[in-house]
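Summary of the model geometry
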Amino acid sequence: MSIYEQSYCILSSDTDASQRLRVSRLFTLLQEASIAHTTALGMGREKTLDKGLLWIVTLQQAKIARMPVYDEPIRLLSWPGETMHLLFPRYYRIEDMHGGALIEASALWALMDRASRRVVFPEEHGIQIKGVRTGREIALPAAPKPPKTEETQSFTVPYSYVDLNGHMGNTRYFDLAEDRMPPALRKKKLIGVRTEYAREALADTEILLKSETLGDTFLLAGEYEGQKLFRLNLSFAPDT
């Protein structure tokens, strides 16, 4: 199965107050598709998680024509690109039931040793995933812009935000952003997402947050002990 396909109907628990798919739920769906496809390709937990290897995402981006809404059926497609040394590119496409593209996304994944918390060379562990070229790939993700504001806020990672990798789950950063962006932006149409995960945030870590609104883009970044943890950009359609 070179291209993963999944049909899904948007649940009430997937949506925000506008009945649109929440950003964190979007990236949860993409993450679960990545896991399911990697398993189908013979590189599932028996070769990774059960041997102390953890899949982590380093960069993500998405271009959004329209967010699906509550009770809407969609089709999710995902496929791998050619492995880049330590990194595994992966592409995604969410379509409506007529085949129209709602969301196109890409991500760079890597493998981390659970004990050392360091990225590993996949070939040393027999991890190989053959890439696919469909012609529908968007560009691989670029690093988000950092906020330049001097205003800061602290946030302590609650245990409920920690995933099976033992750190704050990557999708939780979108909830963090939604809680801190100006209310007016939440009502606008989301058209683009960029994220970078540089270091782990463990339970009870106190993160120093910086945020800034530049036009129709919300920028959020986090640091711990002076080191970059993550950066995130959410871009919205301008008022017409």
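So, here's what we can say about the structure. Note that the coordinates shown come from a computational prediction; the quantities given were computed from them, not determined experimentally.

What to know about the overall build of the protein chain
The number of helices and strands found in the protein chain is 3 helices and 10 strands. Reading the protein chain from its N end, one meets helices and strands in the order β-α-β-β-β-β-β-α-α-β-β-β-β. A compact globule built from 240 residues would reach a C-alpha radius of gyration of about 18 Å, and the protein chain, at 18 Å, matches this within 12%. By principal-axis analysis of the C-alpha atoms, the protein chain measures approximately 50 × 50 × 30 Å. Looking at the protein chain as a whole, 48% of its 240 residues are labelled buried. When contacts within the protein chain are restricted to residue pairs at least 6 apart in sequence, those whose partners lie at least 24 apart make up 70%. Carbon and sulfur atoms provide 50% of the accessible area of the protein chain, an area that totals close to 12,000 Å².

Brief notes about a positive patch on the surface
Judged by side-chain charge, Lys-63, Lys-145, Lys-148 and Arg-194 come together as a positively charged surface patch. Within the fold, Lys-145 resides in the loop between strand E5 (101-113) and strand E6 (152-156).

Concerning the sheet that holds strand E9 (residues 217-224)
Sheet strands pair via backbone hydrogen bonds, and the direction of the pair is either parallel or antiparallel. The sheet built from 10 strands is open, its strands ordered E1-E3-E4-E5-E2-E7-E10-E9-E8-E6 with antiparallel pairing. With partners counted over all chains shown, the strands left at the sheet margins are strand E1 (4-9) and E6, one partner each. The sheet shows a mean angle of 20 degrees between the axes of neighbouring strands, taken without regard to direction. Where E6 meets strand E8 (residues 206-214), 5 bridges bridge the pair, whose relative direction is antiparallel. Residue pairing in the sheet places Thr-152 in a bridge with Lys-210 of E8.

So, the packing of helix H1 (residues 23-40) against helix H2 (residues 172-180)
With their axes 8 Å apart at the nearest point, H1 and H2 run at an angle of 170 degrees to one another. By the angle class used here, H1 and H2 are roughly antiparallel. For the pair H1 and H2, contact is made by Val-23, Ser-24 and Phe-27 and by Phe-174, Asp-175 and Glu-178, respectively.

As for the environment of Gln-227
In this fold, Gln-227 is placed in strand E10 (residues 227-236). Spatially, the C-alpha atoms of Gln-227 and Arg-199 are 8.3 Å apart, while their sequence positions differ by 28 residues. Beyond its immediate stretch of four places on either side in the chain, Gln-227 contacts Arg-199 and Gly-222.

Points about the packing of aromatic side chains
A complete count under the given rule lists 6 aromatic pairs for this structure. Seen from their ring centres, Trp-79 and Tyr-91 are 6.2 Å apart, and the 25 degrees between their planes marks the pair as stacked. Separated by 12 residues along the polypeptide, Trp-79 in strand E3 (residues 73-80) and Tyr-91 in strand E4 (residues 88-95) bring together distant segments of the chain. With relative accessibility at 0%, the residue Trp-79 sits in the buried group.

Remarks on the environment of Ala-115
Within the secondary structure layout, Ala-115 lies in the loop between E5 and E6. Under the relative-accessibility criterion, Ala-115 is labelled exposed at 74%.

Observations regarding the environment of Lys-148
With respect to the secondary-structure elements, Lys-148 resides in the loop between E5 and E6. The spatial distance from the C-alpha of Lys-148 to the C-alpha of Leu-219 is 9.2 Å, given a sequence separation of 71 residues.

Description of the pairing of E4
Across the 8 residues of E4, 8 count as buried, placing the element largely inside the fold. The sheet contact formed by E3 and E4 spans 6 bridges and is antiparallel. Bridging from a neighbouring strand, Ser-78 pairs with Tyr-92 of E4. Relative to E5, E4 runs antiparallel, the two sharing 8 bridges. Along E5, the bridge assignment pairs Ile-94 with Ile-103. Hairpin connection between E4 and E5: a loop of 5 residues separates the two successive antiparallel strands, and Gly-99 in this loop has a positive phi of roughly 90 degrees.

A look at the nonpolar core
Val-193, Phe-230 and Leu-234 are the most contacted members of the largest nonpolar core, which has 54 residues in total. Setting aside anything within four residues of it in sequence, one finds Leu-234 in contact with Phe-174, Ala-177, Met-181, Leu-190, Gly-192, Val-193, Asp-216, Thr-217 and Phe-218.

Conventions used here
Residues numbered from 1 in each chain as written. Predicted model: local features only at pLDDT ≥ 70, side-chain atom pairs only at ≥ 80, totals over all residues. Heavy atoms only, no water. Helix = DSSP H or I, 4+ residues; strand = E, 2+ residues; numbered from the N terminus. Rg over C-alpha atoms; globule rule 2.2 N^0.38 Å. Buried < 20%, exposed > 50% of the residue type's maximum accessible area, 1.4 Å probe, protein only. Contact = heavy atoms within 4.5 Å. Areas by Shrake-Rupley, 256 points an atom, 1.4 Å probe, with all protein chains shown as cover. Patch = residues over 30% accessible without salt bridge, like charges linked within 9 Å, V, L, I, M, F, W, Y side chains within 5 Å. Salt bridge = Lys/Arg side-chain N within 4 Å of Asp/Glu carboxyl O. Lys, Arg positive; Asp, Glu negative; His and termini not counted. Charge placed at Lys NZ, Arg CZ, Asp CG, Glu CD. Pairing = 2+ DSSP bridges. Axes fitted to C-alpha atoms, helices over the stretch in contact; angles between N-to-C directions. Parallel < 35°, antiparallel > 145°, perpendicular 65-115°, else oblique. Phe/Tyr/Trp six-rings, centres within 6.5 Å; stacked < 30°, edge-to-face > 60°. Core = buried A, V, L, I, M, F, W, Y, C linked by side-chain atoms within 4.5 Å.

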